[in-house]
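What follows is each chain in one-letter form.
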Amino acid sequence: MSEFKALTESVIKGDIKAAVVETQIALDAGSSVRDILDKGLIAAMDEVGERFSKGLIFVPQMLRSAKTMQECMKLLEPFFEEGDVTPKGKVLIGTVKGDLHDIGKNLVAMMMEGAGFTIADLGVDVSPERFVQKAQEIEPDIVAMSALLSTTMPAMPQTIEALRKAGIRDKVKVMIGGAPVTEKYAHEIKADSYASDAGSAVSKAKQLLGIS
Ligand code: B1M
């Protein structure tokens with residue numbers, strides 16, 4: 001593990017207090033937010049996932065680590081602001097039906113907001129009907145879907161189909177992402193864009209709307 005060993009270990013253990021202190025120490029030491037996220041927090045969640053796969057930990061521990069990461073992210077949030085407040089477009093985001101994972105989706109929403117997008121966040125377990133209803137109400141430029149489970153990925157094409165049936169597929173761009181999602185899958189289901197992480201979600205969103 002890296003210079004963020006203490007932070008990573010606190011997140012793996014689900015020790016909120018220690019992890020928050022370690023995040024602050026890293027910020028005070030001048031570490032970049034990107035490094036704290038990638039090498040500290042996300043690395044910890046990857047290890048948590050590994051341990052869960054091996055049966056070494058169970059859902060309650062995974063939940064505790066998730067809560068710990070969320071508390072640390074609160075300290076990082078102010079740093080996502082780019083300072084450019086020119087409105088970039090409206091993004092409707094949610095984690096798809098059947099899926100309760102929201103950390104990655106929240107990170108994408110936070111970074112997009114920091115980059116000047118207006119965000120409407122539907123939360124988790126969002127049905128295709130709910131995406132459609134909200135899209136009709138707020139007329140977003142982009143509908144952004146996150147999925148962390150291979151079993152919930154099919155809710156993405158279902159949502160695209162629901163948008164089509166409602167007659168609004170051509171009025172929005174669809175972006176998808178999440179750990180099991182791939183560029184190839186995005187192509188297969190005719191999404192307009194795929195992003196592998198929150199940073200690239202921002203640049204892909206700008207590309208979709210023709211903003212530099
Ligand atoms: Co779950 N879980 N989980 N879990 N969980 C995974 C995803 C898993 C890979 C763990 C494992 O087995 N190794 C596995 C899925 C296997 C699969 O299908 N491929 C799994 C499982 C099996 C489950 C349950 C089924 C376990 C059970 O009950 N038996 C269950 C399902 C519940 C449900 O959703 N219905 C479950 C439950 C949970 C908790 C609730 C306990 C908790 C989530 C809490 C929460 O989110 N509030 C949890 C957690 C924490 C994880 C792991 C450990 C960490 C996820 C995470 O937050 N990562 C995860 C293992 C892992 O990912 N390594 C695991 C950090 C986050 C920043 O990364 O979300 O990938 P991520 O987001 C990234 C990119 O993917 C991307 O940007 C982010 C980085 O910048 N991205 C997008 C995400 N969304 C995007 C959207 C975009 C663009 C980019 O555009 C729209």
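Below, the structure is looked at part by part. (Residues numbered from 1 in each chain as written. Predicted model: local features only at pLDDT ≥ 70, side-chain atom pairs only at ≥ 80, totals over all residues. Heavy atoms only, no water.)

## Quick look at the coordination of the cobalt atom of the ligand
Between any two of four tetrahedral donors, the ideal angle at the metal is 109.5 degrees; between two of six octahedral donors, it is 90 or 180 degrees. With respect to protein ligation, the cobalt atom of the ligand binds only His101 (NE2), at 2.2 Å. You can see His101 is positioned in the loop between strand 1 (89–95) and helix 5 (103–114). (Donors = N, O, S within 2.8 Å, 3.2 Å for Na, K, Ca; no water. Helix = DSSP H or I, 4+ residues; strand = E, 2+ residues; numbered from the N terminus.)

## Describing the sheet that holds strand 5 (residues 193–194)
A sheet is described by the order of its strands in space; here five strands give the open sequence 2-1-3-4-5, paired in parallel fashion. Looking at the sheet topology across the chains shown, the edges are occupied by strand 2 (117–121) and strand 5. Two strands pair when backbone bridges link them, and strand 4 (residues 173–177) and strand 5 are joined in this way by two bridges, in the parallel orientation. Note that in strand 5 the partner of Met175 across the bridge is Ser193. (Pairing = 2+ DSSP bridges.)

## Some points on the site of the ligand
The environment of the ligand is made up of 37 residues, and the closest members are Ser53, Leu100, His101, Asp102 and Ser146. One of the backbone nitrogen or oxygen atoms of Ala179 is found 3.1 Å away from an oxygen atom of the ligand. Judged by its atoms lying within 2 Å of the grid points, the ligand is housed in the largest pocket. Elements supplying a minimum of two residues to the shell around the ligand: helix 3 (33–53), helix 4 (59–76), helix 5, strand 3 (142–146) and strand 4. The leading source of residues in the shell around the ligand is helix 3, at seven residues. (Near = heavy atom within 4 Å. Polar contact = N/O pair within 3.5 Å; in protein donor to acceptor, adjacent residues only side chain to side chain. 1 Å grid on protein atoms, 1.4 Å probe; cavity = no way out; pocket = protein on both sides within 12 Å on 5 of 7 lines; lining within 4 Å. Sits in = over half its atoms within 2 Å of the grid points.)

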